[in-house]
Structure formats: C-alpha cells, structure tokens
Amino acid sequence: MGYFRDNIEAAQGYTPGEQPQDDSFVKLNTNENPYPPSPRVTEAVRDAAEDRLRKYPDPLANEVRQTVASLFDVEVENVICGNGSDDLLSIAVRALVDPGQTIAAAYPTYSLYETLATIQDARLESHPCGEDFAVPVDKLAASKAPLVVVANPNAPTGVATATADLRRIARGIRGVLLVDEAYVDFSDENAMELARGERNVMVMRTLSKSYSLAGLRFGFLVAAKELVAGLTKVKDSYNCDALSIIAARAALEDQAWMRANVERIRSERSRLTAALRGLGFAVPESQANFVFARPPAGNARELYEKLKDRRILVRYFNRPRVDRHLRITVGRPEENDRLLGELKRLLG
Ligand SMILES: *Cc1c(COP(=O)(O)O)cnc(C)c1O
C-alpha cells in the first residue's frame, strides 16, 4: 500500500530522549555534559564563521584526523570523522552488512543499533547480558555476524567490558568488532589499543558527552587503514561541516578542560550512586556519566512521571528487562541534590 520499502513501512524509527525547548527542567535524561565546552571552541568557531562558510569543507576533515592521530598515536589514514558518531554507525552498517544479514549486539544496549539494522533490512542478533548486566562476551565471540557492536561502557547500564574480553570477541568473530566508546572518557579503561593492534576492530568516540558538544555533532573512528578506506567510500562527501571541523579540533586540543569536567562528573557519580543505594535503589557500578537505577518497588515509570511533574527529566525505557529502571545522567552537584531530594520525598 505505501510508497516505502516493506522494512521501512514496518519500522518504528529511533526515539531520542526528550529535548524540551525551555530551560525550566533539571535535565538528566540524555547524558549531556552539565559543564560548558572549552572556551577555545567558542573562540575558534567565532573566528571561523567570518570566512569558512562560503566554500565547501574539507571532505575528510583532515585537521581533525591529524589531531586524533597524534592524540592516539596512529596515522591519519587510521581515522575517519563523522557527523556525530551516529553517522559513523550508519556508515559502518551500510558498508559492512548486507540486507538479510545480522548485526550482533548485547541486550540491553543502545537501541539505535537495532534501528540501523532495520533500515538496512538486516536483523539484530541480540545476546542477553547476565544478571549483573555484564556483556555476554562468549556469545558475542561466537557470532558469525559481519558486524558485532559493543558499547563500552554499555548503555543504558554503564557497565564496562574489559579490554581483554573485547580482544577475545575480536579474535573469535569472522567479521568486524565496532567498539562504541561514547562514554569511555568517564571510565577507568578504554580499548583504543585494539584499534591499533587488531585488524578487525574499529573504536569509535564522540564529542557529545565528555567534550560537552552534543549540539555540534562530531564523532571519529579509529581502525586499520583498510577498514577506514572502505568506510570512506560510503560516507557523504561533506559529512562534517566547516564549523564543526574547526570546533572539534579546538576541543580535542584542550584535553585538560575535558579531563577536569570528567573528574567532577566521576566524583558526583560516586556520590549519586551511594545516595541512591542509600534510598534502596539497586545501582550497578557505572563507568559512564549516568547511572542505571532500579527503585526499591520497581515502579520506575511512575517515578519518571512524578519527577517530570516536578520538572526533573530522567530517562525511562519501556522495554523488557530495563522497564523497572531509570537511567539518570550525572548532573551538577545542585542538580543531583534536587533529584535526590525529590526522590526521598516520593519514596518516603
Ligand atoms: C550518545 C551515544 C552515541 C551518539 O553520539 P553522537 O556522537 O551524539 O551521535 C553513540 N553511542 C552511544 C552508546 C551513545 O550513548
């Protein structure tokens, strides 16, 4: 009946977290950084706006590739940039997965992987996490899928996978392992060494979380040169705009700014985790900038709605195994206090 391909007609489409266009909410629902980006970013964008917009941008965003290459001790040919890491995920799926094939991932995980599989007319091969939400390493390592995606640390749980385990997955599979490290700057360990040492591993990062630049839309991926060359054939010619290229470079060059914000968030994460546990929530140890908390009575949806009435937004997922939890972004100390105060009242 419709004009669209059958898989598109049947698809739900990805549902992003709410983005209210007024500032009246304490916004702890989409894992944004509560602190501003480096002042060098604003300065660089202001300078560039004068004369960079008339011409097309560098198709390969080479100035950012160079910065990434020197930060992570790889070559420029090992790096590809994207319009957010969601763009790079979409490129990887289109480049590596035929319609009818599968993408392997843990469950729960970032639901965009399933959306992208559907658009490609591929299927998601979903392997449940353990009771403690540990990513099912053995199951993924045995997958025959052309693309295996692991969010590290995982979303929405915050649970990290050890680099040794990711290496085991990479060496077990026939296809490519994409490690989505959107939150890795908040964790103790990262898997970048696998992008340098394993021929089938791609490690992806974003500037949306640790660098406070969700509105900019910039991500990058590091992998063997052959993999980067393949992905480059699939991307849009000018997938990163001129201002985002300038801003991304400035942000990446100010590691100290990012690190300082990350430290503040990590210390608030410990405080928030302990306080929620004190209120009776079950909270797995998070390595990200959010916590995944199951209220004592399991009434997550009701708490989500009551918090929203009180102008506090957290994330509720109406999906199996996660529908008794709230995913709460770590905010500034005073935002976390507002949340904890309201929760105490609601539970008490
Ligand atoms: C936020 C997020 C991304 C997307 O990042 P963008 O660069 O903003 O597109 C990718 N993966 C996971 C797991 C995320 O939570």
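Use the structure listed above.
Calculation rules
Residues numbered from 1 in each chain as written. Predicted model: local features only at pLDDT ≥ 70, side-chain atom pairs only at ≥ 80, totals over all residues. Heavy atoms only, no water. Near = heavy atom within 4 Å. Polar contact = N/O pair within 3.5 Å; in protein donor to acceptor, adjacent residues only side chain to side chain. Areas by Shrake-Rupley, 256 points an atom, 1.4 Å probe, with all protein chains shown as cover. Nonpolar A, V, L, I, M, F, W, Y, C, P; charged D, E, K, R; others polar. Helix = DSSP H or I, 4+ residues; strand = E, 2+ residues; numbered from the N terminus. Phe/Tyr/Trp six-rings, centres within 6.5 Å; stacked < 30°, edge-to-face > 60°. Buried < 20%, exposed > 50% of the residue type's maximum accessible area, 1.4 Å probe, protein only. Pairing = 2+ DSSP bridges. Contact = heavy atoms within 4.5 Å. Salt bridge = Lys/Arg side-chain N within 4 Å of Asp/Glu carboxyl O. Patch = residues over 30% accessible without salt bridge, like charges linked within 9 Å, V, L, I, M, F, W, Y side chains within 5 Å. Lys, Arg positive; Asp, Glu negative; His and termini not counted. Charge placed at Lys NZ, Arg CZ, Asp CG, Glu CD.

### Topic: the site of the ligand
For the ligand, the full set of nearby residues is Gly-84, Ser-85, Asp-86, Tyr-110, Asp-180, Ala-182, Tyr-183, Thr-206, Ser-208, Lys-209 and Arg-217. Arg-217 places a polar side-chain atom, nitrogen or oxygen, 2.7 Å from an oxygen atom of the ligand. Calculation on the ligand without its partners gives an accessible area of 380 Å², and the protein chains cover 92% of this total. Each residue belonging to the shell around the ligand can be placed in one class, and the counts come to three nonpolar, four polar and four charged.

### Quick look at unusual backbone geometry
Backbone torsion omega between Tyr-107 and Pro-108 reads 0 degrees, so that peptide bond is classified as cis. With respect to the helices and strands, the residue Pro-108 is situated in the loop between strand 3 (102-107) and helix 5 (112-119). Residue Pro-156 follows Ala-155 across a cis peptide bond; omega there is 5 degrees. Even without a glycine there, the phi angle at Arg-217 is positive, about 70 degrees.

### Digging into the packing of aromatic side chains
Tallied over the entire structure, the rule returns seven aromatic pairs. Between Tyr-14 and Tyr-110 the ring centres are 5.9 Å apart and the planes differ by 80 degrees, which places this aromatic pair in the edge-to-face class. Note that Tyr-14 is positioned in the loop between helix 1 (6-10) and strand 1 (26-27) and Tyr-110 in the loop between strand 3 and helix 5, a separation of 96 residues in sequence. Overall, Tyr-14 belongs to the partly exposed group, its relative accessible area being 29%. A relative accessible area of 21% places Tyr-110 in the partly exposed class. Aromatic side chains Tyr-304 and Tyr-316 sit 6.1 Å apart centroid to centroid with 25 degrees between the ring planes, which places their arrangement in the stacked category. With a gap of 12 residues between them, Tyr-304 in helix 12 (residues 300-309) and Tyr-316 in the loop between strand 10 (312-313) and strand 11 (326-329) connect regions that are remote in the sequence.

### So, the pairing of strand 2 (residues 79-82)
Across the two faces of strand 2 the burial is the same, with Val-79 and Cys-81 and Ile-80 and Gly-82 all buried. Of the strand pairs in this sheet, strand 2 and strand 8 (residues 219-222) are connected by four bridges, and their pairing is antiparallel. In the sheet register, Cys-81 faces strand 8, and the bridge partner there is Phe-220.

### Observations regarding helix 3 (residues 62-72)
Residues Val-64, Arg-65, Thr-67, Val-68, Ala-69 and Phe-72 constitute the buried set of helix 3. Each element contacted by the buried residues of helix 3 is listed here: strand 2, helix 8 (192-197), strand 7 (201-206), strand 8, helix 9 (225-234) and helix 10 (242-253). Phi for Asp-73, located one or two positions after helix 3, is positive at around 60 degrees.

### Remarks on the pattern of salt bridges
Counted according to the given criterion, the structure contains 25 salt bridges. For Arg-52, the salt bridge goes to Glu-63, with nearest N and O atoms at 3.5 Å. You can see Arg-52 sitting in the loop between helix 2 (39-49) and helix 3 and its partner Glu-63 sitting in helix 3, a full 11 residues away along the chain. One salt bridge in this structure joins Arg-249 and Glu-63, with 2.8 Å as the shortest N-O distance. Within this pair, whereas Arg-249 is found in helix 10, its partner Glu-63 is found in helix 3, the two being separated by 186 residues in sequence. The exposure class assigned to Arg-249 is partly exposed, which follows from its relative accessible area of 33%. Each of Arg-52, Glu-63, Arg-249 and Glu-253 takes part in a single network of salt bridges with overlapping partners.

### Considering a negative patch on the surface
Among the surface-exposed residues, Glu-43, Asp-47, Glu-50 and Asp-51 lie close enough to one another that they form a single negatively charged patch. Within the secondary structure, Glu-50 sits in the loop between helix 2 and helix 3.

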